[in-house]
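What the coordinates show
Residue strings, one per chain:
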Amino acid sequence: MGKLSTLLFSAALSTAVVAGASAQEQVKIGMLQGFTGPTESLVKPMALGGELAIKEVSDSGLLLGGREVVSVRGDSTCIDAAAATAAADRLVTSDGVHGINGATCSGATTAILNNVVRANGIVMISPSATSPALSEIEDDGYFFRTAPSDARQGQIIAEILDRRGIKSAALTYTNNDYGKGLADAIQAAYEAKGGKITAVAAHEDGKADYSAEIGTLASAGGEVLIVAGYLDQGGKGIIQASLDTGAFDKFVLPDGMVGEALTDNFGDMLDGSIGTNPGTDSPGASMLAELASGKGFKGDDPYVPEAYDASALLLLAMQSAGSTDSAVYKDHILKVANAPGEKIYPGELAKALQILADGGDIDYVGGTALELIEPGESAGSFRETEIKGGKWETEMYH
Amino acid sequence: MEILNALALFTNFVVVPATAYGAQLALGALGVTLIFGILRFANFAHGELMSFGTMITILVTWFLQNMGVSIAPFPTALLALPIGILAAISMALVMDRMVFRFYRKQRSNPIVFAIVSVGVMFLIAGIIRIVIGPADQSFADGERFIIGAIDSRRALGLDEGIAIKQSQLITVVVTAIVVAWLFWFLQKTRSGKAMRAYSDDEDLALLSGINPERVVMICWIIAAALAAIAGTLYGLDKTYKPFIFLQILLPIFAATILGGIGQPVGAILGAFIVAFSEVTVTYAFKKFLTYLGPTDWAPDGLVQLLSTDYKFAVSFIILVAVLLIRPTGIIRGKVI
């Protein structure tokens, strides 16, 4: 059904092309998302968010001397690599898109990247693929993402520890993919900064007693204990056992541990502990929510700002490069996304296009306070908090 | 000084937790061993019986807390415990009446009894999950520490502190009282003697006019009371979570078999051996050795025999080793 509708949709679009017969060729953006499969509910507003930016640019009449921009949808599914590759192939070879906003899931993204993007040399920006593996994959400079890698939080934590002069830490993680991935990321980033992880111990959720785990970690020592777990599960037990035995009294708590339930339970016993979780103080998110109101979707749904930013980046890079050729404008993506230049928020794309046309610089902020880091992925915005007097207090944003 | 620090460290992370854990296991193992001695089967429902008694204790504790009743600095749960014990006893007697008595009349094989007890285990587990749910419940109140880690560090003048929780002290004291009473009961009273006689030789006991149903009833009452006490102490010391009472069966059975099945002294001995093995084998001795040796001798590794993930494996190893080498246990008990 999904495929049929996309087919009809693209058929309708191509008729429009013929009928329009404008002097200039349309700019086509492939909206390659997981319309069917496990992400279908997530993707609906994401695609609308991505198309909102496309419409905004098209309506401005400023892109490359007033070219029209259209979105061509394709279904990347989420778990079917073959279907994702076929859909991407069709977008590139048959529809002739100039850039791709997608794909949704990390697996599909990897397949498309290897089979279509590199083979055809087309820029692809994923709004939601967060696997750390995509940071290392060979992409010939054609792949970007506006969502941060899961590994990014590890780097943020390493930076926080480094800044606060904490030289050694013990590390425990909940024994699943999330915990293990995060723990590996923290360890690698912290050791690269010269910090010392004294011991790494997994903990199972759902046990009554964590004194043995704490015994091990305490024996290894460390100034703080990093708990990559869940606040209503083993993570809480770990903290309880360390406070009971006096093993650790300061903790570093990644996103799974940040919540009121923890401070309600332990109160000011956790004072001085540090938390990190995704968050931004940028006004972009609320501006996008306002922009989306009345358009049938919510601008602050998960990955909607990322999708908006992905479309905007593609088009702004084209404007900056003065070309819709992927091989040319791929080198302009980082330039428009990062400083220096005029800060651009959602709804200000026309202004950005004008600045670029006049030869100026822009720093695209968008809905996610976007900052692209090597190798072309979002740095992500994280909030650093510290527990003071039994309350989470925001220290700063990263 | 360094030696004292090492000892304090070892006490804080091994001796204190293992002693409390051993005492909780001992109460559980005593119940299992009594049932085995009298009724001659391995009661898999014992863990859930502990859980059930604890659950009722928790419910009553909450009620008392709402009423504003408190015996601070002691935990309110101690006040509620007698009702938990009564509930566990009622549950045990009802189960015996409705399930086990039928098989006793049939003179069923011990293996049939063991399987039946697995069924009873699931039944009680289901009741518990319906009543209180599968989640974590915390019901400890009152003073948490006898002495905290930081205070003891100051008092001893050492780098390492010894934290002793009130729940740990209560566990050890209550266990000592209960065990002393149990031995007095088994050695000195008429009912206790009848139980021992019945356990030694059923037919001979029947010939000397001992009422078997009465012995069985007393046995269930004592085992259920021990279960409720053990579960509540475990919950006070750690946390109450219905799921763990299935896991705790393993160390309890290991302790029972290690000590010699049907031997109360053996159960206590076995419980402490299992508890100390679990904690010692999974403890990382790095810091301990660092205190003892010269500064530059500090080991790089953690000096840990087994990762804490394999804590339960210790019970398994003990279980298998005992069954292979000395199936009768330390104090010669029955062989299943």
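As the structure is a prediction and not an experimental result, all values here were calculated from the model. (Residues numbered from 1 in each chain as written. Chains lettered and ligands numbered in written order. Predicted model: local features only at pLDDT ≥ 70, side-chain atom pairs only at ≥ 80, totals over all residues.)

This part is about the overall build of chain A. Scanning chain A for helices and strands turns up 15 helices and 16 strands. Over its C-alpha trace chain A gives a radius of gyration of 23 Å, about what one expects of a compact globule, namely 21 Å for 398 residues. Overall size of chain A, expressed as C-alpha extent along the three principal axes, is 75 × 40 × 40 Å. For chain A, with 398 residues in total, the buried portion stands at 56%. Restricting to contacts in chain A with at least 6 residues of sequence separation, those with at least 24 account for 70%. (Helix = DSSP H or I, 4+ residues; strand = E, 2+ residues; numbered from the N terminus. Rg over C-alpha atoms; globule rule 2.2 N^0.38 Å. Buried ≥ 20, exposed ≤ 12 C-beta atoms within 10 Å, placed from the backbone. Contact = placed C-beta atoms within 7 Å.)

Overall, the predicted model of chain A reaches an average pLDDT of 87, with 94% of residues at or above 70. Note that residues 13-23 of chain A has pLDDT below 50 and, in this model, four contacts with residues that lie over four places away or in other chains. (pLDDT = per-residue confidence, 0-100.)

Our focus in this paragraph is the domain arrangement of chain A. By convention, interface size is frequently given as the accessible area that disappears when the constituent parts associate. For chain A, the domain assignment lists domain 1 (2-149 + 282-378) and domain 2 (152-279 + 380-397). Along the lines of polarity and charge, the residues of the side of domain 1 of chain A that touches domain 2 of chain A split into three nonpolar, three polar and no charged. (Domains from an automatic or database assignment. Nonpolar A, V, L, I, M, F, W, Y, C, P; charged D, E, K, R; others polar.)

Attention shifts here to the UniProt feature "domain: Leucine-binding protein" (unreviewed entry) in chain A. Under the local residue numbering, the UniProt record ascribes the feature "domain: Leucine-binding protein" (unreviewed entry) to residues 26-327 of chain A. The straight-line gap between the two end C-alpha atoms of residues 26-327 of chain A is 18 Å; of that span, 47% is helix and 18% is strand. (UniProt positions renumbered as here; feature names shortened; annotations may be inferred.)

The end-to-end C-alpha distance of helix H14 (residues 311-325) of chain B, which contains 15 residues, comes to 22 Å, matching closely the 21 Å that a straight helix rising 1.5 Å per residue would cover. Residues of H14(B) that are buried: B:Lys311, B:Val314, B:Ser315, B:Ile318 and B:Val322. Taken end-on, H14(B) shows its buried residues confined to a sector of 95 degrees, consistent with a single buried face. Exposed residues lying more than 90 degrees from the buried face of H14(B) are B:Val320 and B:Leu324. Check the buried side of H14(B) and you find it contacts helix H8 (211-220) of chain A together with helix H11 (249-259) and helix H12 (264-281) of chain B. (Expected span 1.5 Å × (residues − 1). Arc of directions from axis to C-beta.)

Residue and element names in this part refer to chain A. Strand order in the open sheet formed by seven strands is S2-S1-S3-S4-S5-S14-S13, with mixed pairing between adjacent strands. Among the strands making up the open sheet, the edge pair consists of strand S2 (69-75) and strand S13 (372-373). As judged from the two bridges shared by strand S3 (residues 99-102) and strand S4 (residues 124-126), these two strands associate in the parallel manner. In the sheet register, Asn101 faces S4, and the bridge partner there is Ile125. Each of strand S1 (27-33), S2 and S3 is contacted by helix H3 (residues 81-95), which is oriented at about 145 degrees to S2, the strand it contacts most. (Pairing = 2+ DSSP bridges. Axes fitted to C-alpha atoms, helices over the stretch in contact; angles between N-to-C directions.)

Glancing now at the interface of chain A and chain B. Opposite the 20 residues of chain A that make contact, chain B presents 27 residues. When contributions to the side of chain A that touches chain B are tallied by element, the ones reaching two or more residues are strand S7 (196-203), H8 and helix H9 (234-245) of chain A. When residues in the side of chain A that touches chain B are grouped by element, the largest group, eight residues, is from H8(A). Residues belonging to the side of chain A that touches chain B are distributed by class as follows: seven nonpolar, eight polar and five charged.

Let's shift gears to the sheet that holds strand S15 (residues 382-388) of chain A. All names here are of chain A. Reading across the sheet, the seven strands line up as S7-S6-S8-S9-S10-S15-S16 and stay open at both edges, with mixed pairing between neighbours. The open sheet has two edge strands, S7 and strand S16 (391-397), and neither has a second partner. Ignoring strand direction, the axes of neighbouring strands in this sheet form an average angle of 25 degrees. Two elements, S15 and S16, share six bridges in a ladder whose sense is antiparallel. Across the sheet, Thr385 pairs through a bridge with Thr394, a residue of S16. Contacts from helix H6 (residues 152-163) reach strand S6 (168-174), strand S9 (251-253), strand S10 (274-278) and S15 within the one sheet, and its direction differs from that of S10 by about 150 degrees.

Our focus in this paragraph is the packing of H8(A) against H9(A). Residue and element names in this part refer to chain A. At a closest axis distance of 9 Å, the pairing of H8 and H9 adopts a crossing angle of 65 degrees. In terms of crossing hand, the pair formed by H8 and H9 is right-handed. Each of Ser211, Glu213, Ile214 and Ala218 in H8 lies in contact with H9, whose residues at this interface are Ile238, Ala241, Ser242 and Thr245. For the contact of H8 with H9, the class distribution of residues is four nonpolar, three polar and one charged. (Left-handed = near helix turned anticlockwise from the far one by under 90°.)

All names here are of chain B. At a minimum axis distance of 9 Å, the contact between helix H1 (residues 2-39) and H11 shows a crossing angle of 65 degrees. Of the possible angle classes, the one that applies to H1 and H11 is roughly perpendicular. Crossing of H1 over H11 shows right-handed handedness. Contact residues: Leu25, Gly28, Ala29, Val32 and Thr33 in H1; Pro251, Ile252, Phe253, Ala255, Thr256 and Gly259 in H11. Of the residues belonging to the contact of H1 with H11, the class tally is seven nonpolar, four polar and no charged. (Parallel < 35°, antiparallel > 145°, perpendicular 65-115°, else oblique.)

Proteins that are soluble and globular tend to have nonpolar side chains buried together. A:Ile186, B:Ala88, B:Cys219, B:Ala224 and B:Ile229 are the most contacted members of the largest nonpolar core, which totals 149 residues. At 21 residues, the largest contribution of residues to this core is made by H1(B). Apart from residues lying up to four places away in sequence, B:Cys219 is in contact with B:Leu34, B:Ile35, B:Ile38, B:Leu39 and B:Met195. Membership of the second largest hydrophobic core comes to 77 residues, among which are A:Val57, A:Cys78, A:Ala369 and A:Leu370. (Core = buried A, V, L, I, M, F, W, Y, C linked by C-beta atoms within 7 Å.)

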